[in-house]
Every structure is written in C-alpha cells, then in structure tokens.
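Breakdown of the fold
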Amino acid sequence: MYPYEDRIRAVELYIKLGLRPAATICQLGYPTKNALRSWYREYRLSADLTRSYVRTQAKYSKVQMDTAVAHYLEHGRCIAFTIEALGYPCRDSLRSWVRDADPDRETRICSRSPGPTRPPAVKKAAVVALCMRQGSAGALAEEFGVCRPTLYQWKNELLGPEQPASMTSRPPPVPSLEREELERQLQALQRDVYRLQLEHDLLKKANEIIKKDLGINRQSLTNREKAMLVDALKQTYPVAELLDVLMLARSSYFYHRAKLRVAEKYTEVRLAMADIFER
C-alpha cells in the first residue's frame, strides 16, 4: 500500500491537472486509475485521507518483499519481468516496496534519457509479449517499464525490422492500385474460362449433331453446320457470342436457319404422308 504522503501528493496533483488520471499517473509513475479515483472520492468526503491502512495480517512476508525487490533491482528493473518470474505481487505493491527500499530510485522511466541496460531475458520476454499481444503496444511497454520505441527497437534487434510486430494482427490491406489490377486479372481469367467452356460445348454439339470429331477445327464447318450449332446452344449462350466464336455472319445464320426450317417442315410432311400411305 502507498503511504499517506504518496497518496495525498497524487490527489493534489490530480486536482491540479484538472482531474486527468492519465497525466497524473504519467508524471508520478503511480497509482492505477481506479486507486487514484478512490483516493479522490475519499478526499472529497473528508477533505483528507486516512493516515494509514489497518491490516490484521500482512499479505506478503518480509522475506517475500525483499526477494521481489532484489529480483527487480538485479534483473533490469522491469516490473513485468519480476512479476512473471515470481508470480507476485501486483505492480502497485512492487512499486511501493521498491520505493520504501530505496526512495531515491525511480521505478519508471518517464523521460527520453537513456535507461539502464536490460538483460537479454527481459528483452526476449518483451519481444515475445509484443508479437503475441492482444492489446496495444503502449500498454505492454508500460508493463515492462520502457517507452514504446524501445520495445520496437528490441524487436528489430532480435527478429529484424522486416518481421511483423504482431503475429495476431490482420494482414496489411492491399493497396488500391494493386487491388484494381488483381480484380482486372480475375475478370480476364473468368472471361477466358467462359470462352473455353463455350468452345468445348460447340465441339461437343458438333460431335452429337453433325457427327464431327471433337478435334475438328471450327472454321472447317460449313455455314449450314454452324447455324445448326447456334440453334442448339442459343438457350445456353447469347446468339451474338456464338456467331462471333464461329465467325458466322448474322445474315448468313438467319438464311441457313430459314432453309433448315423449310427442310424440317418438308421432312415432317413427307413422314406424315408416308404414315398415311402405310395405313
């Protein structure tokens, strides 16, 4: 827990800065936003804060506190690394223990001046946490007691600048020009597939109706045969596309289509008459 002097200092600065918790915490290096608001509510009600907290039994022993402070000082002064290694305490408690052990030593670096050299283990833990994070890099840097650029500098040292800083982030959006080019290529590919399917169906119908081999050249067909293919596939493909693929003029198609209809009618009449004579 924070002593009375630290709590009242935080509340007074909080009021002075216009009740801005982030600015207050940044300047002091403590406490959490919830703790600061709780102290402020208590100060508003009684115009002061309680001098001390009454605890029937200490949560952590003196040995545990000394162990945590020693680990913090010997391993790069990283609060997050100490808590991860020992499994205790919370950040606020560790800051308070360090402040009590050495009041002249700061637990957080708020300036851009060079800080203490961190052990490789701390850097590796920070880089792993950066790559696997779900939240912001700024919040993670605060946990490790460094600024955000330092966190990315460690990542570049260990992984290289070309590696992404987050394995869980979404892939970068495709630039608009590149996306438009990909869409044009996709449309061209779809047109090619459609054209191949049309040509395949023409050859298949030529084999079924005209009894031509599947490997024939479409241009070797007569205009009459081409007209027969157009009639067979016009329910599936537009007539204009069929005429274009077969290189058949529109006038020639209608001419042979009319002749085919006359031939069909003549065949129907002949078959009908033959049926009458047979009866």
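Calculation notes
Residues numbered from 1 in each chain as written. Predicted model: local features only at pLDDT ≥ 70, side-chain atom pairs only at ≥ 80, totals over all residues. Heavy atoms only, no water. Helix = DSSP H or I, 4+ residues; strand = E, 2+ residues; numbered from the N terminus. Polar contact = N/O pair within 3.5 Å; in protein donor to acceptor, adjacent residues only side chain to side chain. Buried < 20%, exposed > 50% of the residue type's maximum accessible area, 1.4 Å probe, protein only. Axes fitted to C-alpha atoms, helices over the stretch in contact; angles between N-to-C directions. Parallel < 35°, antiparallel > 145°, perpendicular 65-115°, else oblique. Contact = heavy atoms within 4.5 Å. Nonpolar A, V, L, I, M, F, W, Y, C, P; charged D, E, K, R; others polar. Phe/Tyr/Trp six-rings, centres within 6.5 Å; stacked < 30°, edge-to-face > 60°. Lys NZ or Arg CZ within 6 Å of the ring centre and 35° of its normal. Left-handed = near helix turned anticlockwise from the far one by under 90°.

**Some details on the side chain of Arg-95**
On the secondary structure map, Arg-95 appears in helix α6 (residues 91-101). Within the structure, Arg-95 has its side chain in polar contact with the backbone oxygen of Gly-29 (distance 3.3 Å).

**A look at unusual backbone geometry**
Tyr-30 connects to Pro-31 through a cis peptide bond whose omega is -15°. Cis geometry marks the peptide bond from Tyr-88 to Pro-89; its omega dihedral reads -15°. Mapping Pro-89 onto the fold places it in the loop between α5 (79-86) and α6. Positive phi outside glycine occurs at Leu-19, with the angle close to 60°. Its location among the elements puts Leu-19 in the loop between α1 (4-16) and α2 (21-28). Of the residues examined, Leu-19 reaches a relative accessible area of 38% and is grouped as partly exposed. Even without glycine at this site, Ala-47 takes up a positive phi of about 60°. Tracing the backbone shows Ala-47 in the loop between α3 (33-46) and α4 (62-74). You can call Ala-47 exposed: its relative accessible area is 57%.

**Considerations on the packing of α1 against α3**
Put simply, α1 and α3 touch, their axes get as near as 10 Å, and they point 85° apart. Classified by the interaxial angle, the pair formed by α1 and α3 is roughly perpendicular. From α1, Arg-7, Ile-8, Ala-10, Val-11, Tyr-14 and Ile-15 reach across to α3, where they touch Leu-36, Arg-37, Trp-39, Tyr-40 and Tyr-43. Grouping the constituent residues of the contact of α1 with α3 by class yields nine nonpolar, no polar and two charged.

**As for the packing of aromatic side chains**
Inspection of the entire model under this criterion finds five aromatic pairs. Between Tyr-60 and Trp-97, the aromatic rings sit 5.4 Å apart at their centres with planes inclined by 80°, giving edge-to-face as the arrangement. With Tyr-60 in the loop between α3 and α4 and Trp-97 in helix α6, the pair connects residues that are 37 residues apart, well separated along the chain. Consider the rings of Tyr-194 and Tyr-237, whose centres lie 5.7 Å apart with planes at 70°: the pair is edge-to-face. With Tyr-194 in helix α10 (residues 176-209) and Tyr-237 in the loop between α11 (223-233) and α12 (239-246), this residue pair connects regions lying 43 residues apart in the sequence. One aromatic cluster is present, formed by Tyr-60, Tyr-88 and Trp-97 through successive ring pairs. The ring centre of Tyr-30 lies 4.7 Å from the NZ or CZ of Arg-99, which sits over that ring.

**Overview of the side chain of His-71**
Following the sequence through the fold, His-71 ends up in helix α4. In this view, His-71 contacts Phe-81, Thr-82, Ala-85 and Leu-86; residues no more than four positions away in its chain are not counted.

**Considerations on the packing of α4 against α5**
Think of two packed helices as two axes; the pair is described by the angle between the axes and how far apart they sit. Where α4 meets α5, the closest approach of the two axes is 9 Å, and the angle between their N-to-C directions is 130°. One way to sum up the angle between α4 and α5 is to call them oblique. Two packed elements cross with a definite hand, and for α4 against α5 that hand is right-handed. Residue-level inspection shows Thr-67, Ala-68, His-71 and Tyr-72 of α4 in contact with α5, the latter providing Ile-79, Phe-81, Thr-82, Ala-85 and Leu-86.

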